[in-house]
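What the coordinates show
One-letter residues, chain by chain:
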Amino acid sequence: MRARTILLNNRPQGMPTDDTFKFTEIDLPALQEGQVLLKALYISVDPYMRGRMSEAKSYVAPYKLNEPITGGVVAEVVESRNGRLPQGAVVLGNLPWQTYSLSDGTGLTPVDPNLAPLSYHLGILGMPGLTAYCGLLFIGDPKPGETVVVSGAAGAVGTVVGQIAKIKGCRVVGIAGSDEKISYLKQDLGFDEAINYKTAGNIQQALAAACPKGVDVYFDNVGGEISDAVYSLLNNFARIAICGQISFYNATSPPTGPRVEPILLKTKSLMKGFIVGDYVDRFGEAASGLASWLKEGKLQYEENVLEGFDQLPHAFLGLFKGENIGKQLVKVADYSAA
Ligand code: NDP
């Protein structure tokens with residue numbers, strides 16, 4: 001069996017380019033006892049992958065040069081010598097960017113194809129949804145009537161954060177990078193206000209107008225000047241969940257900015273960085289909460305799906321250009337058993 005794969009071709013300095021990725025083909029060996037042959041159906045592209053392309057120490061190991069990029073994949077078992085994972089089963093796993101791959105089943109989670117569209121397991125019912133739920137509720141701890149600000153508001157995590165905050169009875173203000181996104185947040189998702197940081201001019205002034213009672217919870221996906229503007233509006237006992245810092249992921253020198261500590265002190269605020277895996281023991285609660293709200297129509301879900309394995313680099317690079325509304329995915333193949 002031949003498979004197409006995408007290797008890390010070089011370690012990007014600054015923004016990655018097409019040259020960061022190398023397409024190639026490999027021969028997969030015959031299936032051994034205990035193994036499955038997987039066909040990739042949907043492959044996720046995520047901002048954290050940028051960190052893995054560098055060698056810098058982080059919470060997850062760097063990708064190796066000339067080896068396949070890996071990440072969240074929903075795949076179908078097309079051949080099986082593993083009793084737990086029969087042919088036709090659908091699984092979620094951390095798998096190579098490959099059209100087909102072999103696995104001994106370790107780390108693969110079976111997915112019920114009747115529960116929700118398969119792609120949802122990489123988005124609202126998967127890592128981004130869990131990130132939004134755990135970061136907002138376990139760190140942000142929003143109370144009815146409080147003001148919640150979320151940056152990166154129109155993306156996979158941000159859209160879920162804002163909607164959960166609305167469910168919790170908060171005033172929700174989103175920050176995102178296009179008028180289309182602003183309109184989506186307000187008209188479709190019911191955000192109270194949304195600010196286009198690319199055209200707002202003075203973001204601090206725009207935020208102050210949108211948050212007349214100050215900011216109680218800040219869910220930060222982007223960092224940088226957007227966050228500086230939010231910090232100037234913190235109320236006493238504000239909670240800040242540091243989820244992502246995408247504005248720095250392609251930076252070639254360490255970011256600098258105003259010091260936040262005096263504000264945290266004066267407002268007695270809590271700022272906490274987190275990685276979704278920190279909350280693994282609460283994933284059950286989070287997953288069922290998300291699934292119920294989705295079923296009840298309280299959560300809307302948007303995804304931006306590009307078709308074809310060739311689109312993976314483009315889909316990934318698009319995250320840093322703001323090309324996605326909602327979760328960015330690539331559809332690689334149809335589910336044969338559907
Ligand atoms: P998104 O779907 O939000 O996609 C990324 C978005 O970031 C883009 O659409 C773009 O939207 C925005 N963006 C890109 N560059 C910049 C910039 N320089 N300044 C401001 N905004 C920018 O991605 P996710 O929802 O998957 O992830 C959101 C954040 O959460 C990321 O920082 C990610 O690393 C982090 N994350 C953290 C996790 C954790 O466990 N802590 C888990 C999952 C994600 P726009 O048009 O608005 O600029």
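Note that the structure is a prediction, hence the values are computed from the model and not measured.

A word on the environment of R282. Secondary-structure assignment places R282 in the loop between β13 (270–273) and α8 (283–295). Judged by its relative accessible area of 34%, R282 is partly exposed. With 51 residues separating them in the primary sequence, R282 and A333 have C-alpha atoms 32 Å apart.

Assignment of secondary structure puts N9 in the loop between β1 (2–8) and β2 (21–27). N9 sits 56 residues away from L65 along the chain, and the two C-alpha atoms are 6.1 Å apart. Excluding its chain neighbours within four sequence positions, the residues that come into contact with N9 are D19, T20, F21, K22, L65 and N66.

By the alternation rule, side chains of strand β6 (residues 100–103) split into S101 and S103, which are all buried, and Y100 and L102, of which none is buried. Summarising the sheet, strand β3 (residues 36–44) and β6 pair through four bridges and their orientation is antiparallel. Its bridge partner being in β6, L37 is matched across the sheet by L102.

Generally speaking, nonpolar side chains in soluble globular proteins are found buried as a group. Counting residues in each nonpolar core, the largest one holds 42 residues, and the members touching the most others are I124, L136, I164, L185, F219 and L290. Every element with two or more residues in this core is listed here: α2 (127–140), β8 (147–151), α3 (156–167), β9 (171–176), α4 (179–188), β11 (215–220) and α8. At seven residues, the largest contribution of residues to this core is made by α2. Formed jointly, this core draws a minimum of three residues from each of two domains, domain 1 (2–122 + 302–331) and domain 2 (127–295). If we ignore the near neighbours within four places in the chain, the residues touching I124 are G129, V160, L290, L294, L299, Q300 and Y301. Core analysis: the next-biggest nonpolar cluster, separate from the first, contains 30 residues, L85, V91, F309 and L317 among them.

Look at N66: it is not a glycine, yet its phi comes out positive at around 60°. As for its position among the elements, N66 is in the loop between α1 (48–52) and β4 (70–80). The phi torsion at D141 lies on the positive side, around 45°, for a residue other than glycine. As for its placement among the helices and strands, D141 is situated in the loop between α2 and β8.

Turning next to the packing of α2 against α8. The geometry of α2 relative to α8 is characterised by a closest axis approach of 10 Å and an angle of 105° between their N-to-C directions. Judged on the interaxial angle alone, α8 and α2 are roughly perpendicular. Contacts from G129, L130, Y133, C134, L137 and F138 in α2 reach F283, E285, A286, A287, G289, L290 and W293 in α8. Split by residue class, the contact of α2 with α8 holds ten nonpolar, two polar and one charged.

So, on to the pairing of β3. On a regular strand, one side chain projects to one face of the sheet and the next to the other, so that they alternate. Of all nine residues making up β3, nine are buried, and the element is well covered by its neighbours. Relative to β4, β3 runs antiparallel, the two being bridged by seven bridges. Paired with V36 across the two strands is S80, which belongs to β4. For β3 and strand β15 (residues 327–331), the ladder comprises three bridges, and the chain directions are antiparallel. Bridged to S44 within β15 is L329.

Any empty space left between the atoms is revealed when a probe the size of a water molecule rolls over them. Estimates place the volume of the second largest pocket at around 300 Å³. As for the second largest pocket, its lining consists of 16 residues, of which G224, D228, Q245, F248 and T256 are closest to the centre. With five residues, helix α6 (residues 224–231) is the largest single contributor of residues to the lining of the second largest pocket. Along the lines of polarity and charge, the residues of the lining of the second largest pocket split into seven nonpolar, six polar and three charged.

This paragraph deals with the sheet that holds β9. Within the open sheet, the six strands sit side by side as β10-β9-β8-β11-β12-β13. Their pairing is parallel. Lying at the two open borders of the sheet, with one neighbouring strand each, are β10 (193–196) and β13. Pairs of neighbouring strands in the sheet enclose a mean axial angle of 15°, with direction left out of account. In this structure, β11 lies alongside strand β12 (residues 234–242), joined through five bridges in parallel fashion. Looking at the pairing, V217 lines up with R239 of β12.

So, about the site of the ligand. Looking at the ligand, there are 26 residues lining it, with K181, Y197, Y249, V276 and N324 nearest. Measuring from an oxygen atom of the ligand, one finds a side-chain N or O atom of Y249 at 2.7 Å. Out of a free accessible area of 900 Å², the ligand has 92% covered by protein chains. Counting only elements with at least two residues in the shell around the ligand, the list comes to α2 and α3. Of the residues contributing to the shell around the ligand, the split by class is 15 nonpolar, ten polar and one charged.

Let's shift gears to the packing of aromatic side chains. Tallying each qualifying case throughout the model produces eleven aromatic pairs. Note on Y218 and Y231: the rings are 5.8 Å apart at their centroids and 80° apart in plane angle, and the pair reads as edge-to-face. Highlighted residues: Y218 in strand β11 and Y231 in helix α6, separated in sequence by 13 residues. Judged by its relative accessible area of 0%, Y218 is buried. Here Y231 falls in the buried class, since its relative accessible area comes to 8%. Through successive ring pairs, a cluster of aromatic residues spans Y133, F138, F219, F274, Y279 and W293. Geometry around F138 places R282 over its ring, the cationic atom sitting 3.7 Å from the centre.

Scoring rules and cut-offs
Residues numbered from 1 in each chain as written. Predicted model: local features only at pLDDT ≥ 70, side-chain atom pairs only at ≥ 80, totals over all residues. Heavy atoms only, no water. Helix = DSSP H or I, 4+ residues; strand = E, 2+ residues; numbered from the N terminus. Buried < 20%, exposed > 50% of the residue type's maximum accessible area, 1.4 Å probe, protein only. Contact = heavy atoms within 4.5 Å. Pairing = 2+ DSSP bridges. Core = buried A, V, L, I, M, F, W, Y, C linked by side-chain atoms within 4.5 Å. Domains from an automatic or database assignment. Axes fitted to C-alpha atoms, helices over the stretch in contact; angles between N-to-C directions. Parallel < 35°, antiparallel > 145°, perpendicular 65-115°, else oblique. Nonpolar A, V, L, I, M, F, W, Y, C, P; charged D, E, K, R; others polar. 1 Å grid on protein atoms, 1.4 Å probe; cavity = no way out; pocket = protein on both sides within 12 Å on 5 of 7 lines; lining within 4 Å. Points joined across faces, edges and corners; volume = space filled by probe spheres on them. Near = heavy atom within 4 Å. Polar contact = N/O pair within 3.5 Å; in protein donor to acceptor, adjacent residues only side chain to side chain. Areas by Shrake-Rupley, 256 points an atom, 1.4 Å probe, with all protein chains shown as cover. Phe/Tyr/Trp six-rings, centres within 6.5 Å; stacked < 30°, edge-to-face > 60°. Lys NZ or Arg CZ within 6 Å of the ring centre and 35° of its normal.

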